[in-house]
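Structure at a glance
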Amino acid sequence: MPKINGNEIRPGNVLEHNGGLWAAVKVDHVKPGKGGAFAQVEMRNLRNGSKLNERFRSADKVERVRLEQKDQQFLYETDGMLVFMDTETYEQIELPAEILGDRRPFLQDGMTVVIEYHEAEALNATLPQKVTCKVVETEPVVKGQTAANSFKPAILDNGVKVMVPPFVGQDEDIIVNTETMDYSERA
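About the criteria used
Here the residue numbering is sequential within each chain, running from 1 through the sequence in written order. Reporting of local features is limited, given that this is a predicted model, to residues whose pLDDT is at least 70; pairs of side-chain atoms are given and counted only at 80 or more, and all residues count toward the totals for whole chains, interfaces and linings. No hydrogens and no water enter the side-chain calculation; it runs on all heavy atoms of the structure. Each residue is assigned to one of three classes by its accessible area relative to the maximum for its type, calculated with a 1.4 Å probe on protein chains only: buried under 20%, partly exposed between the two thresholds, exposed over 50%. We count a stretch as a helix when DSSP gives it H or I for four or more residues in a row; a strand needs E for two or more, and each element gets its number in order from the N terminus. Only strands that DSSP links by at least two bridges are regarded as paired with each other. Axes here mean lines fitted to C-alpha atoms, for a helix over just the part in contact, with angles spanning 0 to 180 degrees between N-to-C directions.

1. Quick notes on the pairing of strand β8 (residues 81-86)
Within β8, five of the six residues are buried, which leaves it mostly tucked inside the rest of the structure. In this sheet, β8 lies alongside strand β7 (residues 68-78) in antiparallel orientation, the contact comprising six bridges. Residue pairing in the sheet places Phe-74 in a bridge with Phe-84 of β8. Linkage of β7 to β8, two consecutive antiparallel strands, is achieved through a turn of two residues, within which Asp-79 is found at a positive phi near 50 degrees. Of the strand pairs in this sheet, β8 and strand β9 (residues 92-96) are connected by five bridges, and their pairing is antiparallel. Looking across to β9, one finds that Phe-84 is bridged to Ile-93. Following β8, the chain reverses through five residues before pairing antiparallel with β9; Tyr-90 in that reversal takes a positive phi of roughly 60 degrees.

In structure tokens:
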């Protein structure tokens, strides 16, 4: 595994630190008036989700881990476990539903999800950036209410509340960004 200097850590990097696998969430480079510069790194444990703030000087060496990314197709959910199928080998794996966190409602049958592996252990799952959802409930359009970009609340078919522009009506399909959980465009 490649070792990198403490000042080369970037958000999204996966590091091996204190015997665990950590993803760098936020990196601040600090140059105090007295003493050497360092990187203040906020990290999230990929196995249990705990957070850690750590300082790395530029002289510190850190193990950078490369995760293997595989496209897997979502099949079904059973007892809080999500079942995915490898699109190349057709083998099935089960992962806990918590691996998706608050993006879980956007997972749809047959959707292709990128799952990141370290050796044979699945650590992270990433949904496609844009997902099509149907608006189940929203306020009717009121003509003349077009003051500076006003948004109205809407409930989607998966139960998630998002803010949509006034022209979006009930039973319309919209595209939602799964990273920000915001309205993106009409489908």
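Alright, that's what it looks like, and here's the rest.
2. A closer look at the sheet that holds strand β1 (residues 3-5)
What the six strands build is an open sheet, ordered β1-β6-β2-β3-β4-β5; its pairing is antiparallel. On the outer flanks of this sheet lie β1 and β5 (51-57), each paired with one strand and no other. Across the sheet, the axes of successive neighbouring strands diverge by a mean angle of 50 degrees, strand direction being ignored.

These figures capture arrangement, not role.
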